[in-house]
Amino acid sequence: MTPQLVQPTGAAHTRIYSYGAARGENAVPNEDLIEPINSSDEWIRQRTGIITRVRADAGTTAIDLAADAAAEAIERSGIAADKIDAVIVATISNPKQTPSVSAIVADRVGANPAAAYDLNAACAGFAYGVAQADALIRAGAAHYAVVIGTEKLSDVVDPADRSISFLLGDGAGAVVVGPSETPGIGPTIWGSDGSKADAVGMNHTLTEFRDGVAPWPTLRQEGPTVFRWAVWEMVKVARQAIEAAGITPDDLAAFVPHQANMRIIDEFAKQLKLPDTVVIGRDIETTGNTSAASIPLATHRLLEEHPELSGGLALQIGFGAGLVFGAQVVVLP
């Protein structure tokens, strides 16, 4: 007779307990960036809605930002750090190929020996991380998880590049996810379209840089292509996430899209036909585009400015390099 394996199951439902945030130490106004791209403050504001963005000191890494954001989220959650048994970090900014940001952060915040791994889904990374934390906890593979989006994009920006350089900022946002008596994280709608991978991403490889055949790799994008995809295709994904959660747009308290561009955010909200009662995250105005960190940073700020949103439903959607996307509805802590 073949022995029967034990296969664990976890909590029936999960929720987000708390948010934490860390932003780069320096506010960088448009005026500081316009000369290399032969532009103006007015041009940047009209195209992106950005007035200033935050960037970190030279000695600050994505790991430092992640640890600070995670520490705040854990403290606010009321869960002891040694009870965290999974740390998931979404980033494209690990200063080394290995070890992972997550393992170092787990140690710094007192979560050893938590399972720890990084994921690379660019600007959709945070939504991917929340989906995985939800699944791990409901499967019994973890009880409490920290999900972090962290980026130091100022390390991978070409100041003379007009396609994306003026958009990017540095920061980290984190959440603690754990079991819940009622559903707190809706189904995730996620996917990718790698056929358009050249629309936004790194312009060279580290091997090419090592061999002296290319300069230091930096982020580039085809702005019009990304704009059209974000507005027309991602609104379909957002609608699917709302429907999968069993709600309507009228049930939402907040909409927190990836902070890619203010024009995208405004057009997105228009296409979704959101009621005026829905508060929209517009953190990009003073933080910039922080890729995987943008959704938790924007949500953290919304909750600080609008504490009445606590307990309400928020639609969050990330989309970015590799044309990877992820969206879910969550209950705000």
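Quick note: structure is the one above.
Description of the structure in this document.

## What about the overall build of the protein?
Across its full length, the protein holds nine helices and 14 strands. Taken over the C-alpha trace, the protein has a radius of gyration of 19 Å; the compact-globule value for 333 residues is 20 Å, and the two agree within 12%. Projected onto the principal axes, the alpha-carbon positions of the protein cover approximately 70 × 50 × 40 Å. The burial tally for the protein puts 56% of its 333 residues in the buried class. Within the protein, counting contacts between residues at least 6 apart in sequence, those at least 24 apart form 77% of the total. Just so you have it, the protein exposes about 14500 Å², and 51% of that area is on carbon and sulfur atoms. Across the protein, 24 positive and 39 negative side-chain charges occur, with their mean positions spaced 4 Å apart.

## Description of unusual backbone geometry
The amide bond that connects Thr-98 to the next residue, Pro-99, takes the cis arrangement and shows omega of 5°. For the bond running from Asn-112 to Pro-113, omega is 0°, close enough to zero to count as cis. In this structure, Ala-122 takes a positive phi of about 50° despite not being glycine. Its location among the elements puts Ala-122 in the loop between strand S5 (115-119) and helix H4 (125-139). Since its relative accessible area comes to 6%, Ala-122 is described here as buried.

## Describing the nonpolar core
Formed by 48 residues in total, the largest nonpolar core has its most connected members in Phe-255, Phe-268, Leu-315, Ile-317 and Phe-319. Elements with a contribution of two residues or more to this core: helix H6 (223-244), strand S11 (252-257), helix H7 (262-272), strand S13 (313-320) and strand S14 (324-331). Here this core takes 10 residues from H6, the largest share from any one element. Other than its neighbours up to four places away in sequence, Phe-255 contacts Phe-268, Ala-269, Leu-272, Leu-274, Val-278, Val-279, Ile-280, Gly-281, Leu-315 and Ile-317. Counting residues in hydrophobic clusters, the runner-up holds 33 residues, among them Ala-254, Val-279, Leu-303 and Leu-309.

## Considering the sheet that holds strand S8 (residues 189-192)
With mixed pairing, the five strands of this open sheet are ordered in space as S8-S14-S13-S11-S12. In this open sheet, the two edge strands, each paired with only one partner strand, are S8 and strand S12 (279-280). Where S11 lies against S12, two bridges are found, and the strand directions are parallel. Directly across from Phe-255, in S12, lies its bridge partner Ile-280. Its contacts with the sheet put H4 on S8, S13 and S14, and the angle it makes with S14 is roughly 55°. Contacts from H6 reach S8, S11, S13 and S14 within the one sheet, and its direction differs from that of S13 by about 145°.

## As for the pairing of strand S7 (residues 170-180)
By the criterion of burial, S7 is predominantly enclosed, with 11 of the 11 residues buried. Pairing between strand S1 (residues 13-23) and S7: 10 bridges, direction antiparallel. Its bridge partner being in S7, Arg-23 is matched across the sheet by Gly-171. Direction of pairing for strand S6 (residues 145-152) relative to S7: antiparallel, over a ladder of eight bridges. If you follow Ile-148 over to S7, its bridge partner there is Ala-174.

Each value, and the rule that gives it
All residue numbers refer to position in the chain's written sequence, counted from 1. With the structure being a predicted model, the display of local features is reserved for residues of pLDDT at least 70 and the display and counting of side-chain atom pairs for 80 or more, all residues being used for whole-chain, interface and lining totals. Side-chain measures here rest on the full set of heavy atoms in the structure, leaving out hydrogens and waters. Under the DSSP-based scheme used, a helix requires at least four consecutive residues in state H or I and a strand at least two consecutive residues in state E, with every element numbered from the N terminus. Just to be clear, the radius of gyration here is over C-alpha atoms, and the globule rule we use is 2.2 Å times residues to the power 0.38. The buried label goes to any residue with under 20% of its type's maximum accessible area, the exposed label to any with over 50%, and the partly exposed label to all in between, with areas taken from a 1.4 Å probe on protein chains only. Any pair of residues with heavy atoms lying within 4.5 Å of one another is described as a contacting pair. Only the protein chains shown count as covering a residue, and every accessible area follows the Shrake-Rupley method with a 1.4 Å probe. Counted charges follow a simple rule, with Lys and Arg positive, Asp and Glu negative, and His plus the chain ends left uncounted. By convention, charge coordinates are those of NZ in Lys, CZ in Arg, CG in Asp, or CD in Glu. Side-chain atoms within 4.5 Å are what join buried Ala, Val, Leu, Ile, Met, Phe, Trp, Tyr and Cys residues into a set we call a nonpolar core. We call two strands paired when DSSP finds no fewer than two bridges between them. The axes are straight lines fitted to the C-alpha atoms, using for helices just the contacting stretch, and the angles between their N-to-C directions are given from 0 to 180°.

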